[in-house]
Amino acid sequence: MRIAVCLKRVPDTTARIVIAADGKSIDETGVKFVVNPYDEYAIEEALKLKEAAGAGETVAICLGGDAAQETLRTALAMGVDRAVLLQSAAGSDGLEVARALAAELKGGNFDLILFGKLAVDDYNHQVGPMVAELLELPCITSVAHLTVANGALEAEREIEGGIEVSTASLPAVLTCDKGLNSPRLPSLKGIMAAKKKPLEVKPVTLGAGSLTLLGLSLPPDRKPGQIVGEGADAVPALVKLLREEAKVI
Amino acid sequence: MTRILAVAEQRDGALRKVSLEVVSAARRLADAMGGTVDVVVIGSGPVSGSDQLARFGADKVLTATHPDFALYQPDGYAATVAAAAQGAAVVLFAATATGRDLAPRVAARLGTGLATDVTALAVEGGKVIATRPVYAGKALARVRLDGTPAMATIRPNTIAATESPKAGTAENLPVPAFAARVKVTQVKAPATAALDVAEAPIVVSGGRGMKEPAHFALLEALAAALGNAAVGASRAVVDAGWRDHGAQVGQTGKTVSPNLYVAVGISGAIQHLAGMRTAKTIVAINRDKDAPIFKVADYGIVGDLFEIVPRLTAEVKKLRGEG
């Protein structure tokens, strides 16, 4: 089974966000960058499926700057066979990213193309299904449960108040949600092996796109609250405030 | 004439409430741009509640009916909306499970950019400007939509549905031929019949301070007393396997904006705060008076949650006349 996993390098979720002087990007000083957490589920699923098939290849693809090589090395250390960096400046239009990825994926003869359901930096949750449309492949998003057998797949995803069950045949594009699996940690052996695995760097130029980022701002602070009191004896006062001041119960 | 297209959603043949928010947002854009609002309703038969669309600002209601559209049909819905979007200046969706899946497909078909999970829309110089949370709400991005059509998904519970009665002329929208690459076979009930944390007007969440999974019964009891409440969880307890990941609030879980958020035994890690800071009222119950959760809470009680929560449940029941 041939599986591609598309990754993104993002700030760690515990990072405090400081807006840079240009007003349009974040200050990266002291910010730790990681593999987008949802992409880890995609990597793990790719590795599991290839192991189950007993043969095939897994390829990690990342669009980003030079620093994203580290992101790809993490995927290689987890067990992915080879990596491709589509070297580019960041773009604000997900469709342009999807076009660059689709151009790389086209002709790759992949049975599955996996993404995380969204990247925790821009929250776009759109590149996976856009790639599927551009390649005219079936696509199921936010997959939390998956079975693949005999060239067909069944996937479950959470919708409001229910679980939607879908079927499709391979090749297909899936975006992965938490709950799909438990991503493995890179082993020491894996980290050593990753240094020798192929990582190809291909410069790409994104189109201008049709979204223009005007600026970033920090959300307004919440107005200062109050400590109602200590212990269970403070509960009646809290209930009164919720009832009469906040009017929420 | 500038035409704004709003994509409505139905479940089991009934219009979803979030659709009225999308129509209202479309109406406001149309009024600012001197345009009209068309709403597309997709289903396998009549959709109850679609008569409300006119009251919230629909000039025209386009109904696309197909036997395969009882459940979500990604490829068929995308083909239908892409056809309806021809000539539209703006296309708006709800940022729901369906809208988040559908909108990118339509955007790719039309070759236009998509702004997702938008919390505010404005018109400046004839262009749509979208405000959307990024880094899980730790920052807000202002984005100008230069594409034709401009496309956005709107986060539920952020743009109010307001009445603005229009004609709502009914028309049938032909469904174009489509290749069904994906088939939705069924919608199963979730493991628990509980409300979804992303939709519930009240969310009671527990963190590591709950000490063990069985203690979440205390929060279930409080949620039941409050009524219309869902039980959420911090990442720590989801990662520990105490609660289902669907209940997780925070940067790698759900972003919630309920009227009331009660954080119990949650210290308030930055990734958790990012997921709930837009709640209208936040209550924190924690043993540690220096916990970061108290910095965002409107009301806090410092102390032992195992004494405070049962008392709170009892007081709420008393208030509801059940105690």
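Everything in this summary refers to the structure shown in the same document. (Residues numbered from 1 in each chain as written. Chains lettered and ligands numbered in written order. Predicted model: local features only at pLDDT ≥ 70, side-chain atom pairs only at ≥ 80, totals over all residues. Heavy atoms only, no water.)

Structural notes on the state of the cysteines
Residues and elements named next belong to chain A.
At step 1: With the rule as written, the count across this model stands at zero disulfides over all chains.
At step 2: Of the cysteine sulfurs around Cys62, a residue in no disulfide, the closest is that of Cys6, at 9.2 Å.
At step 3: By relative accessible area, which is 0% here, Cys62 ends up buried.
At step 4: Cys176 takes part in no disulfide bond, and the closest cysteine sulfur to it belongs to Cys139, at a distance of 10 Å. (Disulfide = S-S within 2.5 Å. Buried < 20%, exposed > 50% of the residue type's maximum accessible area, 1.4 Å probe, protein only.)

With respect to the nonpolar core
Among soluble globular proteins, nonpolar side chains are generally buried collectively.
All names here are of chain A.
At step 1: Ranked by size, the top nonpolar core spans 52 residues in total, and within it Leu101, Leu105 and Ile113 carry the most contacts.
At step 2: Those residues in contact with Leu101 that lie beyond four places of it in its chain are Cys6, Ile61, Leu86, Phe115, Val127 and Val131.
At step 3: Counting 46 residues, the second largest nonpolar core, distinct from the first, contains Val34, Ala42, Ala83 and Val120. (Core = buried A, V, L, I, M, F, W, Y, C linked by side-chain atoms within 4.5 Å. Contact = heavy atoms within 4.5 Å.)

Let's talk about the packing of aromatic side chains
At step 1: All told, the structure shown has four aromatic pairs over all chains when counted by the stated rule.
At step 2: Geometrically, the ring pair formed by B:Phe69 and B:Tyr77 is edge-to-face, given 5.1 Å between the ring centres and 75° between the ring planes. The two residues B:Phe69 and B:Tyr77 agree in class, both being buried.
At step 3: Here the aromatic cluster, defined as three or more aromatic residues joined through ring pairs, consists of B:Phe69, B:Tyr72, B:Tyr77 and B:Phe178.
At step 4: Residue placement shows A:Arg9 over the ring face of A:Phe33; its charged tip is 3.9 Å from the ring centre. (Phe/Tyr/Trp six-rings, centres within 6.5 Å; stacked < 30°, edge-to-face > 60°. Lys NZ or Arg CZ within 6 Å of the ring centre and 35° of its normal.)

Describing the sheet that holds strand β4 (residues 57-64) of chain A
At step 1: As summarised here, the arrangement of the 10 strands in space is β11(A)-β5(A)-β4(A)-β1(A)-β6(A)-β10(A)-β7(A)-β8(A)-β9(A)-β13(B), forming an open sheet in which the pairing is mixed. Sheet topology places β11 (199-203) of chain A together with β13 (182-188) of chain B at the edges, where each strand pairs with a single neighbour. Along the sheet, successive strands turn relative to each other by an average axial angle of 30°, direction set aside.
At step 2: In this structure, strand β1 (residues 2-7) of chain A lies alongside strand β6 (residues 112-116) of chain A, joined through three bridges in parallel fashion. Bridge pairing in β6(A) places A:Val5 opposite A:Leu114.
At step 3: Strand contacts of helix α1 (residues 37-53) of chain A: β1, β4, β6, β7 (139-149) and β10 (172-176) of chain A, with the helix running at about 170° to β1(A), the strand carrying the most contacts. (Pairing = 2+ DSSP bridges. Helix = DSSP H or I, 4+ residues; strand = E, 2+ residues; numbered from the N terminus. Axes fitted to C-alpha atoms, helices over the stretch in contact; angles between N-to-C directions.)

Quick notes on the sheet that holds strand β12 (residues 211-217) of chain A
At step 1: Read from one edge of the open sheet, four strands run β12(A)-β10(B)-β9(B)-β8(B), paired in antiparallel fashion. Either end of the sheet is taken by a strand with one partner, and the two such strands are β12 of chain A together with β8 (120-124) of chain B. Pairwise comparison of adjacent strand axes, ignoring direction, gives a mean angle of 25° for this sheet.
At step 2: Inspection of the sheet shows strand β9 (residues 127-134) of chain B paired to strand β10 (residues 139-145) of chain B by seven bridges, in the antiparallel sense. Across the sheet, residue B:Thr131 finds its bridge partner in β10(B), namely B:Arg142.
At step 3: Running at roughly 10° to β8(B), helix α1 (residues 18-33) of chain B makes contact with β8 and β9 of chain B of the sheet.

A look at helix α3 (residues 94-105) of chain A
Residues and elements named next belong to chain A.
At step 1: Between its first and last C-alpha, α3 extends 16 Å over 12 residues, near the 16 Å set by a 1.5 Å rise per residue.
At step 2: Burial runs high along α3: nine of the 12 residues are buried.
At step 3: Where α3 is concerned, the buried positions are Gly94, Leu95, Glu96, Val97, Ala98, Ala100, Leu101, Ala102 and Leu105.
At step 4: One side-chain oxygen at the N-terminal end of α3 lies 2.9 Å from the backbone nitrogen of Leu95; it belongs to Asp93.
At step 5: Positioned one or two residues after α3, Gly107 has a phi angle of 80°, which is positive. (Expected span 1.5 Å × (residues − 1). Polar contact = N/O pair within 3.5 Å; in protein donor to acceptor, adjacent residues only side chain to side chain.)

A few points about the environment of B:His245
At step 1: As for its position among the elements, B:His245 is in the loop between α6 (235-239) and β16 (260-264).
At step 2: Remark: the alpha-carbon pair of B:His245 and B:Ala122, spanning 123 residues in sequence, is separated by 35 Å.
At step 3: Each residue touching B:His245, except ones within four places of it in the same chain, is listed here: A:Ala144, A:Glu158, A:Asp177, A:Lys178, A:Gly179 and B:Val238.
At step 4: At a separation of 3.1 Å, a polar atom in the side chain of B:His245 contacts the main-chain carbonyl oxygen of A:Lys178.

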